[in-house]
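# Summary of the model geometry
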Amino acid sequence: MAFELPALPYDYEALQPYMSKETLEYHHDKHHKAYVDNGNKLAAEAGLGDLSVEEVVKQSFGKNAGLFNNAAQHYNHIHFWKWMKKGGGGNKLPGALQKAVDSDLGGYDKFKADFIAAGTTQFGSGWAWVSVKDGKLAISKTPNGENPLVHGASPILGVDVWEHSYYIDYRNARPKYLEAFVDSLINWDHVLELYEKAK
């Protein structure tokens, strides 16, 4: 199935002051659109145009770098937009998720510190993740567009640490961006939805 650029689930001003209208216009309308357009072209050339984005990601990993980079970034961004909402973030997690964070990640404060550390220490472009692997939550980081799907895990939360995600608003202060993401942007309902699917 052809990749499609999803509409943002909120208006371009909704995430201010933590993420600006200008950042969303560049990041969604230009960067994500380029992953969709390039991904469609490369998937068709590779004879994988009829597969789901998840299958294209898994089948192209380690075999077709151009296709993988664009398909993985499309998958990552489909969820990235949904992983944020106006008035999001903070430590009021849905019950089932709170229980898993407590048992698997050492509680909310440790999750926050470890998740921000993963994003801060990802050298260059990449992502920080919370995934379900072998029935438990785990925090990880990946370079470029790589994601936990290709490491036998199901991502339930991710944050983009490519500079185009934060440089307009935070310049080189990546940790400040990551704190704002955790404290003020995370849409825990989407995280819960993916957690329940992954279990």
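Looking at an unreviewed UniProt entry, the protein carries the name Superoxide dismutase, with the source organism given as Mesorhizobium ciceri. UniProt annotates the protein under Sequence similarities (unreviewed entry) with the comment "Belongs to the iron/manganese superoxide dismutase family." What UniProt records for the protein under Catalytic activity (unreviewed entry) is the sentence "2 superoxide + 2 H(+) = H2O2 + O2".

### A word on the sheet that holds strand S3 (residues 154-160)
Pairing within the open sheet is antiparallel, and its 3 strands lie in the order S2-S1-S3. Two strands bound the open sheet, and with one partner strand each, they are strand S2 (136-143) and S3. Taken over all neighbouring pairs, the strand axes of this sheet differ in orientation by 20° on average, direction set aside. Seen against the sheet, helix H8 (residues 188-198) touches strand S1 (126-133), S2 and S3 and runs at an angle of roughly 150° to S3.

### Some thoughts on the pairing of S2
Bridge analysis of S1 against S2 gives 8 bridges, and the strand direction is antiparallel. Residue Ser-131 lies in a different strand from S2, and its bridge partner there is Ala-138. If you look at the hairpin formed by S1 and S2, you'll find 2 residues sitting between the two strands, and Asp-134 has a positive phi there, around 55°.

### A word on the side chain of Thr-142
In this structure, Thr-142 sits in strand S2. Residue classification places Thr-142 among the buried positions, given a relative accessible area of 4%. A polar contact is formed between the side chain of Thr-142 and the backbone oxygen of Glu-146, at a distance of 2.5 Å. In contact with Thr-142, not counting residues within four places along its chain, are Gln-122, Ser-125, Gly-126, Trp-127, Trp-129 and Asn-147.

### Description of helix H5 (residues 108-121)
Counted at 1.5 Å a residue, the expected span for H5 with its 14 residues is 20 Å, and the 20 Å between its end C-alpha atoms agrees. Of all the residues in H5, the buried ones are Tyr-108, Phe-111, Phe-115, Ile-116, Ala-118 and Gly-119. Along the axis of H5, the buried residues cluster in a sector spanning 155°; they form a single face. Looking at the packing, one finds that the buried side of H5 touches helix H4 (95-105), S1, S2, S3, helix H7 (174-185) and H8.

### Details of the UniProt feature "domain: Manganese/iron superoxide dismutase N-terminal" (unreviewed entry) in the protein
Annotation from UniProt places "domain: Manganese/iron superoxide dismutase N-terminal" (unreviewed entry) at residues 3-84. End C-alpha to end C-alpha, residues 3-84 measures 21 Å, and it is 62% helix and 0% strand.

### A few points about the nonpolar core
Burial of nonpolar side chains together is a common tendency in soluble globular proteins. Of all hydrophobic cores here, the largest spans 44 residues; its most connected members are Phe-80, Phe-111, Leu-157 and Phe-181. Counting residues per element, the ones that place at least two in this core are helix H3 (65-82), H4, H5, S1, S3, H7 and H8. Broken down by element, this core gets its largest block of residues, 6 residues, from H7. Two domains each put at least three residues into this core: domain 1 (19-81) and domain 2 (93-196).

### A look at unusual backbone geometry
Here Gln-16 and Pro-17 are connected by a cis peptide whose omega angle stands at 5°. Position of Pro-17 among the secondary structure elements: in the segment before helix H1 (21-45). Phi is positive for Asp-134, close to 55°, though the residue is something other than glycine. You can see Asp-134 is positioned in the loop between S1 and S2. Residue classification places Asp-134 among the exposed positions, given a relative accessible area of 72%. The phi angle at Asn-144 is positive, at roughly 55°, despite the residue not being glycine. By the element assignment, Asn-144 lies in the loop between S2 and S3.

Thresholds, definitions, all that
Residues numbered from 1 in each chain as written. Predicted model: local features only at pLDDT ≥ 70, side-chain atom pairs only at ≥ 80, totals over all residues. Heavy atoms only, no water. UniProt positions renumbered as here; feature names shortened; annotations may be inferred. Pairing = 2+ DSSP bridges. Helix = DSSP H or I, 4+ residues; strand = E, 2+ residues; numbered from the N terminus. Axes fitted to C-alpha atoms, helices over the stretch in contact; angles between N-to-C directions. Contact = heavy atoms within 4.5 Å. Buried < 20%, exposed > 50% of the residue type's maximum accessible area, 1.4 Å probe, protein only. Polar contact = N/O pair within 3.5 Å; in protein donor to acceptor, adjacent residues only side chain to side chain. Expected span 1.5 Å × (residues − 1). Arc of directions from axis to C-beta. Core = buried A, V, L, I, M, F, W, Y, C linked by side-chain atoms within 4.5 Å. Domains from an automatic or database assignment.

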